[in-house]
Amino acid sequence: MADPEAVGKAFLQYYYQLFESNRPGLSNLYQDGSMLTFEGQKFQGTQAIVGKLTQLPFNQCKVSCVSMDFQPSVSGGIMVFVTGSIVTEGESNALKFSQVFHLVPVGSSFVVSNDMFRLNYG
């Protein structure tokens, strides 16, 4: 079984690198059965998920991860929980966020089965 922390950290580095400057490139990480809940809105499938992420009102951003937790899941996957901040282009104030991923093995790699994102206010 893959080391959840090693896989999770590598995944987050790759995911947020693409999220910051090439969101269409995230399509390789999702499948037709993948689910995204973004601020309470639900999206299923690669096309719908990447469509939502590419329609966010900014092109570039900088994501900083503050905390990261990883657990193996019963299905052989990996649960990833991250808190952090995001600064979008043209803004100086960071927005705090929480995000959860369920990564599942496909062949010798992992894809996102579930993705939940929330901004943290207050």
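Description of the structure in this document. Each chain has its residues counted from 1, following the order in which its sequence is written. Totals for whole chains, interfaces and linings use every residue, but because this is a predicted model, local features are given only for residues with pLDDT of at least 70 and side-chain atom pairs only at 80 or more, for both listing and counting. Note that the side-chain values use all heavy atoms of the structure and ignore hydrogens as well as water.

### Considering the sheet that holds strand β3 (residues 61–72)
No. 1: Pairs of strands are assigned from DSSP output, requiring at least two bridges between the strands. Secondary structure elements follow DSSP: runs of H or I of four or more residues count as helices, runs of E of two or more count as strands, with numbering from the N terminus. If you trace the 6 strands from one edge of the open sheet to the other, you get β2-β1-β6-β5-β4-β3, paired in mixed fashion. Two strands lie at the open edges of the sheet, namely β2 (41–44) and β3, each paired on one side alone. Strand-to-strand twist of the sheet, defined as the mean angle between neighbouring strand axes without regard to direction, takes the value 15 degrees.
No. 2: As judged from the 5 bridges shared by strand β1 (residues 30–38) and strand β6 (residues 109–120), these two strands associate in the parallel manner. If you follow Y30 over to β6, its bridge partner there is V112.
No. 3: Running over the sheet, helix α1 (residues 4–21) touches β1, β3, β4 (78–88), β5 (95–106) and β6 and is turned about 155 degrees from β3.
No. 4: Any two residues having at least one pair of non-hydrogen atoms within 4.5 Å are treated as being in contact. For helices, the fitted line uses only the C-alpha atoms of the stretch in contact; every axis is such a line through C-alpha atoms, and the angle between N-to-C directions lies from 0 to 180 degrees. Relative to β1, helix α2 (residues 46–54) is tilted by about 40 degrees, and along the sheet it contacts β1 and β2.

### What about the packing of aromatic side chains?
No. 1: Each Phe, Tyr or Trp ring, with Trp reduced to its six-membered ring, pairs with another whose centre is within 6.5 Å; inter-plane angles below 30 degrees give stacked pairs, above 60 give edge-to-face pairs, and intermediate values give tilted ones. Counted under the stated rule, the structure contains 9 aromatic pairs.
No. 2: Geometrically, the ring pair formed by F38 and F117 is stacked, given 4.7 Å between the ring centres and 5 degrees between the ring planes. Here the residue F38 occupies a position in strand β1, and F117 occupies one in strand β6, the gap between them amounting to 79 residues. Comparing F38 with F117, the two get one shared label, buried.
No. 3: The lysine or arginine in question, R23, covers the ring of F19, its NZ or CZ lying 5.3 Å from the ring centre. Burial classification: accessible surface area is computed with a 1.4 Å probe over protein chains only, and a residue below 20% of its type maximum counts as buried, one above 50% as exposed, and the rest as partly exposed. Think of it as a cone above the ring: NZ of Lys or CZ of Arg counts as a charge over the ring if it is within 6 Å of the ring centre and within 35 degrees of the ring normal.

### Quick word on the pairing of β6
Within a regular strand, side chains alternate between the sheet's two faces.
No. 1: Pairing geometry for β5 and β6, over 11 bridges, is antiparallel. Note on β6: the bridge partner recorded for V104 is V111.
No. 2: Count of turn residues in the β5/β6 antiparallel hairpin: 2 residues, of which G107 carries a positive phi of about 65 degrees.

### Quick notes on the side chain of D115
No. 1: Here D115 shows up in strand β6.
No. 2: His is not counted, nor are the chain ends; Lys and Arg add positive charge and Asp and Glu add negative charge. The term salt bridge refers to a side-chain nitrogen of Lys or Arg lying within 4 Å of a carboxyl oxygen of Asp or Glu. No salt bridge is formed by the buried D115. Its closest oppositely charged neighbour is R118, at 11 Å.
No. 3: Engagement of the side chain of D115 in a polar contact is seen with the side chain of Q99, the distance being 2.8 Å.
No. 4: Other than its neighbours up to four places away in sequence, D115 contacts Y15, Y30, M35, L36, T37, Q99, V100 and F101. Pairs of N or O atoms within 3.5 Å make up the polar contacts considered here, provided that, within protein, one atom can donate a hydrogen while the other can accept it, and that residues adjacent in sequence are counted only when both atoms are side-chain atoms.

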